[in-house]
Structures are given as structure tokens and as C-alpha cells.
Amino acid sequence: MKKISLRAAVDIGGTFTDVTLSDPETGALVSVKTLTTPNDRAEGVLTGITAVLKAAGETEDRVREVIHGSTTGTNALIERSGARVGLLTTAGFRDVLEIGRIQRPMSGLYNVNVDRPRPLVPRYLCLEASERITADGEILTPLEEDSVRVAAEKFLAEGVEAVAVSFLFSYLNPRHEQRASEILAEVMGDIPVTLSSKVAPEYREYERTSTAVMNAYLTPIMNAYLDDLAPRLNKLLGGARLSIIQANGGSTSVDVARAKAVTTVNSGPAGGVVAAAFYGRRHNREKIVSVDMGGTSFDIGLIENGESQVTTEGDFQGLPVKIQIIDLNIIGAGGGSIAWRDSGGAPNVGPYSAGSDPGPACYGRGGNKPTVTDANLVLGRLNPEYFNAGNMALDAEASRVVIGEFAKSLGLGVEEAAIGILKVVNANMIKGIAASTIQRGIDVRDFSLFSFGGAGGVHAADLAKELNMVEAIVPPMAGTFSAVGLLVTESRQDYVRALGNVTTDSADTATLELIYQELEAKGAKDLAAQDFASEEIELIRYADLKVKGQTYELNLALPFSGAFDQNGMETLVEAFGTLYRSRYAFFFEGEPIEIVNLRLTALGRNAPVQLPAGKDLGDNPKTVQTGSRDVYFETIGYIDTATYDRDNLGIGMKISGPAIIEEQTSSTLIPPGATTEVASDLGLIIRFDKNEESL
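Note that the structure is predicted; figures quoted are calculated from it, not measured.

About the criteria used
- In this convention, every chain numbers its residues from 1, walking through the sequence in written order.
- Given that the model is predicted, a residue must reach a pLDDT of at least 70 before its local features are reported, and side-chain atom pairs must reach 80 or more before they are shown or counted; all residues, however, enter totals for whole chains, interfaces and linings.
- The side-chain quantities take in all heavy atoms of the structure and omit both hydrogens and water.
- DSSP-based pairing: two strands are paired if at least 2 bridges between them are found.
- Runs of H or I in DSSP of at least four residues are treated as helices and runs of E of at least two as strands, each being numbered from the N terminus.
- For helices, the fitted line uses only the C-alpha atoms of the stretch in contact; every axis is such a line through C-alpha atoms, and the angle between N-to-C directions lies from 0 to 180 degrees.
- In what follows, a contact means two residues having at least one pair of non-hydrogen atoms within 4.5 Å.
- Two aromatic rings, drawn from Phe, Tyr or Trp (for Trp, its six-membered ring), form a pair once their centres lie within 6.5 Å of each other, and the interplanar angle then sorts them: stacked below 30 degrees, edge-to-face above 60, tilted otherwise.
- With a 1 Å grid spanning the protein atoms alone, the term cavity applies to any set of points in which a 1.4 Å probe fits but cannot get out, the term pocket to an open set with protein on both sides within 12 Å along at least five of seven lines, and the term lining residue to any residue with an atom within 4 Å of a point.
- Grid points are joined across faces, edges and corners, and a volume is the space filled by probe spheres set on the points.
- Each residue receives one of three labels: charged for Asp, Glu, Lys and Arg, nonpolar for Ala, Val, Leu, Ile, Met, Phe, Trp, Tyr, Cys and Pro, and polar for the others, Gly being one of them.
- Exposure classes here rest on a 1.4 Å probe applied to the protein chains alone. A residue is buried below 20% of its type maximum, exposed above 50%, and partly exposed in between.
- For our purposes a nonpolar core is just a set of buried Ala, Val, Leu, Ile, Met, Phe, Trp, Tyr and Cys residues, chained together by side-chain atoms within 4.5 Å.
- Any pair of N or O atoms that falls within 3.5 Å is considered a polar contact. Within protein, one atom must be able to donate a hydrogen and the other to accept it, and sequence-neighbouring residues count only if both atoms are side-chain atoms.

Peer 1: Summarise the sheet that holds strand β6 (residues 126–129); cite the residues concerned and give the values.
Peer 2: Read from one edge to the other, the open sheet built from 4 strands follows the order β6-β5-β9-β10, with strand pairing classed as parallel. If you trace the sheet from one side to the other, it starts and ends with β6 and β10 (193–195), each paired once. Pairs of neighbouring strands in the sheet enclose a mean axial angle of 25°, with direction left out of account. Note that strand β5 (residues 85–90) and strand β9 (residues 162–166) share 5 bridges and pair parallel. Looking across to β9, one finds that Val 85 is bridged to Ala 162. Those strands touched by helix α5 (residues 175–188) are β5, β9 and β10, and its axis lies near 160° from that of β9. Docked against the sheet, helix α7 (residues 205–237) engages β5, β9 and β10, running at close to 165° with respect to β9.

Below, the structure written as C-alpha cells:
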């Protein structure tokens, strides 16, 4: 009898949809890339799953779970194609989205043309309800129900498709929001209503309201996508469970994704950072900058102490959110990024992308603009006969034509223009990495660059060398490693309870313990509903603390096990002081410390993922060399460059550049002056001779 044990991970990118199939019984991993179908993304998911099952020689009835990194919310925010949303807020506070923090974005500090993004709700759809909760959670002004009904009638008349409700201090007392939701349902029917007290029950009115609005904006879009995908997936795979990746790097159920659509934004890139942390722990690398270079975007994550960095102070497309998210910086730089000239004639690359339709010129699908992929092909860095496992033949002449036209406009030769395109896109990526590290006071010279994605391996060595990083690492299955990351993720649910004005001196530890127990019961129940056994569930307690009177808090896991008692409180205060000193180099000894929030993370542990194991084939790479071809480098021109198939490499082999290592879904460039060592799982560890140039 066949065992239903396979897990399939699907990561939709702007150009390709990556699918990886895992068999926990044998440890086998099989990956494929198929072109993304932007007009019907569910079709691309089904096509990819069918293709990976065929490649693995498996049948649909063996699939137990599909883990999906959805781009639905991300695309809706980028394109501003979400639902028509109305905001209901406390009387006198309708301008909260317009006022915000009265700050210009960081990117606009020295650029007067940069401004804050427009709110997702126009001001005329921000309506007021007469009510007021105090800062202690007490009812000062009872909810005037007729004011809610008047707002609901106007929302109906304006064609509003979803409503966000965000009342002052509702995170301490949600009663008014809950009653407003009931009235909205009475007047407007089953229209989706998001309560700020449910999606972001924390203080900071602007961020909480922004999160509620974004969730309302995305809910109808996410529901429509899942309504389309789920039955089609069920028809293909039967009873396989569908899990959705969240921005916190964990997966969740379809029901939670419907209710908290905002948590699914940037879910695919989040999975990639989780994968990088997973790989780093396997190879004793605790400091990693992870970069995922696909066809459209370049996703940057930071890993310290072997863990991805999770924050509650992030933003999506410049709009703040108050949820747990992996700290990511995403810029428009990928293989499909288009080269163009600005009004002053200067060359630029991205953020515009050729995507999958039509794609780069070399795809032969009608693209007629020069892209990064075209430049790499012109320079010999890609194999036109072996792209995407040989499933796509690249048209090198088409690339040469579009790069040639761009070169002519610049008064350069074809190769010079192609090198120029790579230098510009590399500069953009280096700037993005610096924004996530150097500008935060992090010395990247202590970090490894972990590069994956279909286009990442061709640029990894140059980026790491330019930043003086320790090394560049290109993992096995690099082109689809983000999908591998989705398999690595655990099911995750985050819970938070705001405390109000509570200090470490005044807190009743018995009350805090009771709150944690309530959150733990909720977490265990929610994961049990996803079929996780009790031994597969882990519950982790956190707290947000700050020096009283300061604005921002620090989050830390409770540094003790067992019940929260007075000894635990003393240990927590000591740990907070240590963390504070590490961040700010000084701690106010004796100052009162405020406990802002109690948090709980509930994890459902999945079967571990096994990466491919290499073989001992000796230390001479020439025995497995597949051939050579001319590759162009800036300082030396064309040079005969050895080529290798990664699957044929042996553990411990060292390959000196110039060399190109090809695999089914990506290629890795080892430039002159660099050497790569093959790891036990066929990962490539690239180090440099500091005196050599790269491009």
C-alpha cells in the first residue's frame, strides 16, 4: 500500500514558479522550474506540481501536503490592485493614516522627489464612530451604534468591498470593535471586516490601523485566489493539505491565511531566509547575509546567531505593519531586470522587469529589451543549450541584438555594454545589502554571503568580493532553494497580549504566568487542528520590554523555563539589560523597566529535510570537467573557461577560476582569482585572492 508522505513546496516568482518535492521516508528531493503564469497563477502551481511529480516518478495520490509561498498579497500591494476598503475609527481620529508619524521615508532624506506612499484608504472613506476607550482599557464613551450604522450605509453606497475597524485602545478592550463588527454585518451582509484588535492587538495606533487596513485590503484578493486554487488542487491531489507560508517564516492553515491575509505578504522570500539559516546551521555559519536573485527581485535577509531576524516594526511597500515578519529588504534586481537610460543618458538597470511574459529577449517569447540575463548570455556565462535543465533553449543571437542596440546608444561595444549592465545591477544589489547591514552598523566583513535563486550564482562571487565578505556560498539546488526553504519551515502561530502600564517592579508574576498559559492553550489547540501531535508542538515564550519613558521596546525570549515567578522576573531583567547594552552600548541601571507585551510562538515541527549527499571522487576536478567555452571578463576579455556539472562534483574538490559550474536550475561563476570548495552536500564555498579583479 502506498504511503501518503510526500510534501511539495511551491514558490511563485515573477518569472519562474519553483516546485520542490520531498520524500521524508527516503530523504529524496526533486526540484523543477516552470514559467509563472501571471494571468492565472493557480495554473502555474498545478503545472509545477505535475512536472515535479513526473520528474520524481511519483503519483498524485502520495502527496500529503502542499506548502505554498503566495505572491498574491505582495502583487496586490505593488500593483495597488486590492479591494476597495473603508476605515471606521474613533471620532476625531479619521486622519491617522494621512498623519502617520509625520516623517518622510528614509529614502527621501536627501531626495525631495521621494514621498510616503499613498494610504490604501482615501480620506473620504475614513469614517468615524462615536466611542472612546481610555488608556487603561475602561469605557469612557459608550459606542453610539447609530454612528456605526450611518458609516455602514455610506460604505455600501460607495461600493466598499471590505472594512477595517480600528478604535483607540481597542487592544486593551476590544468590546467596541466587536460590537461594531456585528452592526456592519447587519447592514452590509457578509462583507469582510477586519478588527485591529484581532490582527494587531498592540499599542501604536498608526501601525495598528495600517495593519488592519492592509489586511482588509488583501482579504478579498486572497480569498478569491484560495477559492480558485483549493478546489483545483483538491481535484489534482485529493485530500492533500494546503499550507500557506507567512511573513514570519512559518506556515499556517488556509483558514488563518483567509482571516489574516496581511501575514502572507513576502511569504516566498521569507522562506528563503529560513532556508539560509537552516543551511548555515548545518555548516556552522552563524553570520549570513542571504540573497535570493530570481528573475524579478533581489531579496536580502540577515541571519545572526544562526537565526533569521524577526521584527514587529517592518513595512510592506512602505506601509507599516505590526505583525511578526522576517526582516527583509527587497529590491527590483533580477535576471529579467531591464537595462534603460534615464533622461540624462545614464544607464540604469531595473526595477522594471521583463517577467515571464514576454521575458528576456533570449527566451524567444517576444521580449525586445536588454536584460541582465541577456547580458550574462552574451558574455558566455550562461549555457544556451542547458537552461532550466535543458527545458528551455536560449536564443543567444536575440540577446546580442538587444544588447547591441543598447550598446550603440551608449557608444560602446556589445561586450562593454553587457559588462556595464552587470556592473550597474551589481551596484544596485550591493547598495541593497548595505542598507540591511552597513547602514545599521553591521560589519559585513564578518559575514558569509549566501546566494541562491536562478540568477544568484552568476553574481555571488563579485558581490561578496566587492563587500569584502568572508566568502560566498551557493547551496545545492540553488535555483529552487527558496522552495526548499518552504519545506524547512515549521507551522507557526504567533500570539500577543498587550499589558498596558506594567513595570517589572509592579507586575504580578502569577497574572503573567496565567496569561502565558492561556496563550499556550490557544497555540496548542490551533496546531492540533492542523493535525500536529502534542510531541510535535513547541511553545516559546517571549516578552517586549523597554526602559520606561522610551519609545521602542526590545523583544527577547524568556531566559528561563518553568513558571513565571519572581526569580524568573529577576532573570528577565538581567537578560534585558544584557540585550540593551549589546544594542546601544549603555544601560540605565536602576531605571524602571516596562513590560509592553507578552508573546507566544507556537511551532508545529515537520519532518526534517535532507539535502543531497555528495560522493568522494578524489580531489582532481579535471576528472569531471565537462568541457570549456569562452567567457568574457572586463579586465582580460574572452578566456577559455572550464565548465562542470555540479551533480558530478566530488566532496572536497577545489576548483580555481575562471570556471562555470552548471546545474539544472542555475549556474555559478567562479571568476579569475577565486576558488571554490565543494561541501559534503555539493554546496559551493567560494573564497578570493584579494589582489584579483572579478568582472
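Peer 1: I'd love a proper account of the packing of aromatic side chains, names of residues and values included.
Peer 2: Tallied over the full model, the rule gives 17 aromatic pairs. Arranged with centres 5.4 Å apart and planes meeting at 85°, the rings of Phe 560 and Phe 564 form a pair that is edge-to-face. Within the aromatic cluster, the residues linked to one another by ring pairs are Phe 576, Tyr 580, Tyr 584, Phe 586, Phe 587 and Phe 588.

Peer 1: How would you sum up empty space enclosed by the protein? Please name residues and give values.
Peer 2: Counting across every chain of the model gives 2 cavities of 30 Å³ or more. Volume-wise, the largest cavity comes out at about 90 Å³. Lining the largest cavity, in full, are Leu 97, Arg 116, Pro 117, Arg 118, Pro 119, Leu 120, Tyr 206, Ser 210, Val 213, Met 214, Leu 319 and Pro 320. Tallying contributions element by element places α7 first for the lining of the largest cavity, with 4 residues. Here the lining of the largest cavity is built from residues that sort into 9 nonpolar, 1 polar and 2 charged. The computed volume of the second largest cavity comes to approximately 40 Å³. Taken together, Ile 300, Gly 301, Leu 302, Asp 327, Leu 328, Asn 329, Ser 436 and Arg 440 form the lining of the second largest cavity. If you list the elements that add at least two residues to the lining of the second largest cavity, you get β14 (298–304) and β20 (328–331).

Peer 1: Help me get a handle on the pairing of strand β4 (residues 63–69), residues and values and all.
Peer 2: With respect to burial, β4 is a largely interior element, 6 of its 7 residues being buried. The pairing of strand β1 (residues 6–12) with β4 spans 6 bridges and is parallel. Among the inter-strand pairings, Leu 6 is bridged to a residue of β4, identified as Val 63. Bridging between β4 and strand β11 (residues 241–245) involves 4 bridges; their strand directions are parallel. Within β11, the residue paired with Ile 67 across the bridge is Ser 243.

Peer 1: How would you summarise the nonpolar core if you had to cite specific residues and measurements?
Peer 2: Core analysis: the biggest nonpolar cluster contains 75 residues, and Ile 49, Val 66, Leu 88, Phe 155, Met 214 and Phe 316 have the highest contact counts within it. Residue contributions to this core peak at 13 residues, all from α7. Apart from the residues lying within four places of it in its own chain, the contact partners of Ile 49 are Val 10, Val 19, Val 66, Leu 233, Leu 236 and Leu 237. Listed in part, the 60 residues of the second largest apolar core include Leu 302, Ile 419, Ile 433 and Ala 642.

Peer 1: Could you give an account of the side chain of Asn 376, naming the residues involved and the relevant values?
Peer 2: One can find Asn 376 in helix α10 (residues 372–378). For Asn 376, a relative accessible area of 4% translates into the label buried. Contact partners of Asn 376, with chain neighbours within four places excluded, come to Arg 381, Leu 382, Leu 422, Val 458 and His 459.

Peer 1: Help me get a handle on the side chain of Thr 36, residues and values and all.
Peer 2: With respect to the helices and strands, the residue Thr 36 is situated in the loop between β3 (28–35) and α1 (41–56). Accessibility expressed as a relative area gives 5% for Thr 36, which makes it buried. Polar contacts involving the side chain of Thr 36 include one to the main-chain carbonyl oxygen of Phe 16, which spans 3.1 Å. Polar side-chain contacts of Thr 36 include one of 3.1 Å to the side chain of Thr 17. Non-local contacts of Thr 36, meaning those with residues more than four positions away in its chain, are made with Ile 12, Gly 13, Gly 14, Thr 15, Phe 16, Thr 17, Arg 41 and Ser 356.

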